[in-house]
Amino acid sequence: MKLMTRNFDNVPVKTQGYTVYAISTTRPQRFRDIRTLYLFAPTFEMQIEFNKTKDSRKFMGNMTSELKQRASSIEDWVASNSNKNICLLCWEAGIESCHRRLVAETIKQAGEKVGVTVMLDAG
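Here we look at the packing of helix 3 (residues 71–80) against helix 4 (residues 99–114)
Where helix 3 contacts helix 4, the axes come no closer than 9 Å and their chain directions differ by 75 degrees. Here helix 3 is positioned roughly perpendicular relative to helix 4, judged by the angle of their axes. In this structure, helix 3 contributes Ile74, Glu75, Trp77, Val78 and Ala79 to the contact, and helix 4 contributes Thr106, Ile107, Ala110, Gly111, Lys113 and Val114. Residues that form the contact of helix 3 with helix 4 fall into these classes: 7 nonpolar, 2 polar and 2 charged.

Comments concerning the sheet that holds strand 5 (residues 119–122)
Taken together, the 5 strands give an open sheet; going across it, the order is 3-2-4-1-5, and neighbouring strands pair in parallel fashion. Edge strands, defined here as strands with exactly one partner in the open sheet, are strand 3 (35–36) and strand 5. In this structure, strand 2 (residues 19–22) lies alongside strand 4 (residues 85–90), joined through 4 bridges in parallel fashion. Within strand 4, the position partnered with Thr19 by the bridge is Ile86. The strands that helix 4 touches are strand 1 (2–7), strand 4 and strand 5; relative to strand 1, the one it contacts most, it runs at about 170 degrees.

Each value, and the rule that gives it
- Residues numbered from 1 in each chain as written.
- Predicted model: local features only at pLDDT ≥ 70, side-chain atom pairs only at ≥ 80, totals over all residues.
- Heavy atoms only, no water.
- Axes fitted to C-alpha atoms, helices over the stretch in contact; angles between N-to-C directions.
- Helix = DSSP H or I, 4+ residues; strand = E, 2+ residues; numbered from the N terminus.
- Parallel < 35°, antiparallel > 145°, perpendicular 65-115°, else oblique.
- Contact = heavy atoms within 4.5 Å.
- Nonpolar A, V, L, I, M, F, W, Y, C, P; charged D, E, K, R; others polar.
- Pairing = 2+ DSSP bridges.

Below is the structure:
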């Protein structure tokens, strides 16, 4: 699997040949035609809490817990997309402060468990 992560403002032209998904609870109007992959999105409750508090440490902790709960489904998703090129998009500009980093790490770990090599282009 080739996995690319970007924010909505930094989508490279080279996404041709990639299946593009949002992994956020909302998306910009110009991306209204792409599907949201809720398997990797925060819950609406988590997003609302973050929007109110701006506590990124708590949000990332909650997202880590949520991804762990979804581990079996994530492994199934990775196995069924093993030969695909996937681009995951969300809002945050920097990957270190965004759940894209957690999602990418989770996908790589799931790939190791199910025998799928995940080539990552994180940004």
